[in-house]
Each structure stands twice: as structure tokens, then as C-alpha cells.
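Understanding the architecture of this molecule
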Amino acid sequence: STPTKSVLKEKKEVPQSPKRIKQELRYRKTSDVTWVVHFSKDGKYVLYNDDYEAVVLDLEKGEEVLRQLTGNGGDMGSFTPDSKGIVLSYDDDEEVRLYEIATGTVTKKIDTAKLFGEKTFPKCPRISPHDSNLLICGSETGKFIVYDMEKNCNKWDANVPMIDTGSFIAAVTI
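Throughout, a residue's number is its position along its own chain's written sequence, starting from 1. Where local features are concerned, this predicted model is filtered to residues with pLDDT of at least 70; where side-chain atom pairs are given and counted, the filter is 80 or more; whole-chain, interface and lining totals use all residues. Just so you know, side-chain values use all the structure's heavy atoms and leave hydrogens and water out.

**Section: unusual backbone geometry**
For C124, which is not a glycine, the phi torsion comes out positive at approximately 55 degrees. Relative to the helices and strands, C124 resides in strand β10 (residues 122-127). Of note, the phi angle at N152 is positive, near 55 degrees, even though the residue is not glycine. Take N152: it is sitting in the loop between β12 (143-148) and β13 (153-154). For each residue, the accessible area found with a 1.4 Å probe, counting protein chains only, is set against the maximum for its type, and the residue is called buried under 20%, exposed over 50%, and partly exposed in between. Given the relative accessible area of 34%, N152 is considered partly exposed. Numbering of helices and strands runs from the N terminus; a helix is a DSSP stretch of H or I covering at least four residues, while a strand is a stretch of E covering at least two.

**Points about the packing of aromatic side chains**
Two aromatic rings, drawn from Phe, Tyr or Trp (for Trp, its six-membered ring), form a pair once their centres lie within 6.5 Å of each other, and the interplanar angle then sorts them: stacked below 30 degrees, edge-to-face above 60, tilted otherwise. Counted according to the given criterion, the structure contains one aromatic pair. Summarising the aromatic geometry, the rings of Y45 and F79 are spaced 6.3 Å apart at their centres and angled 20 degrees between planes, so their arrangement reads as stacked. Placement of Y45 in strand β3 (residues 45-50) and of F79 in strand β6 (residues 77-79) is noted, with a sequence separation of 34 residues between them. The same class applies to Y45 as to F79, namely buried.

**With respect to the side chain of E95**
With respect to the helices, strands and loops of the structure, E95 is situated in strand β8 (residues 95-100). Residue classification places E95 among the buried residues on the basis of a relative accessible area of 11%. Reaching out from E95, the side chain makes a polar contact with the side chain of R97 at a distance of 2.5 Å. By definition, residues are in contact when any of their heavy atoms lie within 4.5 Å. Filtering out sequence-adjacent residues up to four positions away, E95 remains in contact with L88, S89, Y90, K109, I110, D111, T112 and P122. Here a polar contact is taken to be a pair of N or O atoms separated by no more than 3.5 Å, where protein atoms must pair a possible hydrogen donor with a possible acceptor and residues adjacent in sequence count only if both atoms sit in side chains.

**Some details on the pattern of salt bridges**
Two side chains of opposite charge can pair, provided their charged atoms sit close to one another. Any Lys or Arg side-chain nitrogen found within 4 Å of a carboxyl oxygen on Asp or Glu counts as a salt bridge. Counted under the stated rule, the structure contains seven salt bridges. With a shortest N-O distance of 4.0 Å, K44 and D58 are connected by a salt bridge. Remark: D58 occurs in strand β4 (residues 53-58) and K44 occurs in the loop between β2 (34-39) and β3; sequence separation between them is 14 residues. Exposure remark for D58: the relative accessible area of 2% places this residue in the buried category. Among the ionic pairs, R67 bridges to E64, the shortest N-O distance being 2.9 Å. Residues R67 and E64 agree in their burial class; the two are buried. Residues joined by salt bridges that share partners form a network here, namely E53, E64 and R67.

**Brief notes about the pairing of β10**
Consecutive side chains of a regular strand alternate in pointing toward one face of the sheet and then the other. Of all six residues making up β10, six are buried, and the element is well covered by its neighbours. Only when DSSP finds a minimum of two bridges between them are two strands counted as paired. In the sheet, β10 pairs with strand β11 (residues 134-139) via four bridges, with the strands oriented antiparallel. Bridging across to β11, R126 finds its partner in I136.

**A short note on the sheet that holds strand β7 (residues 85-90)**
The strand order across the open sheet formed by four strands is β6-β7-β8-β9, and the pairing between neighbours is antiparallel. Every interior strand has two partners, whereas the edge strands, β6 and β9 (105-111), have only one. For this sheet the average axis-to-axis angle between neighbouring strands, irrespective of direction, equals 15 degrees. Summarising the sheet, β8 and β9 pair through six bridges and their orientation is antiparallel. Paired with E100 across the two strands is T105, which belongs to β9. Throughout, an axis means a line fitted to C-alpha atoms (over the contacting stretch in the case of helices), and angles, computed between N-to-C directions, take values from 0 to 180 degrees.

Structure follows, in C-alpha cells:
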């Protein structure tokens, strides 16, 4: 597969009127579906994604601050509890990445083989609101795992490496 390119677009003004918002989104639209919209905990940012991209808008400044080509639809990203970062899943590269919003810098990459013991498409990554080092992530194969990003290991012991639901995971809520 083609590697996913990280793209930090120039900041764009977010239109203020509903009519302009609709026109602007239609102009930038890369898919017929917007899968999910998330607010950051501090209310400063909105993250939305379609079939191909994830976009972060700064609501205070009225600017697009981050746009990433992810290559997957569904619920594929979320904010960190401190609202300073986002975690995104990438189907094309079969990895999860943690970004610093202010700079667009990737601060952590986790390969799905490390998470699940096999290459798979990661789904619905979330950071624990109680411990910003804990990542919960689902997969297209129906498995989910709690992963300690600081220690780079499974949070659970070897007897419970992951949970297998037996079906595609479409959403994870914290």
C-alpha cells in the first residue's frame, strides 16, 4: 500500500455563517460521508473525519489547524484528555499516531503488529481520561486492547492480552 502522507495545511479561516460553512465544507469535501465529529474537552477544538481525512478546527481562532490523510472512514480519532493532542488511526499504514495539535508533530507511532500481534486496520483509538498514557484501540478483526504508551506494552497481563468480540468494532466510547 502507499504510505499515508502527513499533511499540515496552511491555516484556513473557518466560515462563520451556516451557509458559508456548508459551501466551504462542500468545497473541501473528499467523501460523501462525515463519520464523526468530536469536541475537545476544553471546547477549543473540533475534530471531524470522512472516508479519507481527519480535520481539526480551532473554534476560538476560526482556523483549520490540522488536516491528515488517514485512508479510512468510521470513527478513527479522538482528543487527548488535556486537549493538546489527537490520536488517529491509519488503515494504509496499519498504525496509530499521536499528534501535538499546536505543531502538527507526530509524538508517537504504534504499529498494529505491536498492539494486536498482527497487522490489522486500527479503529476508534481513545486515550483514557484518567491516565493519558493509556490507549484503547479496536481493530477490524473485532479485537480491542488497552495499551500503555509510556511503557510500550499491553496494560493487561499475558493471561488477558486483548479482548476478541468476534466482530468489527465500529465505536469505542470513554
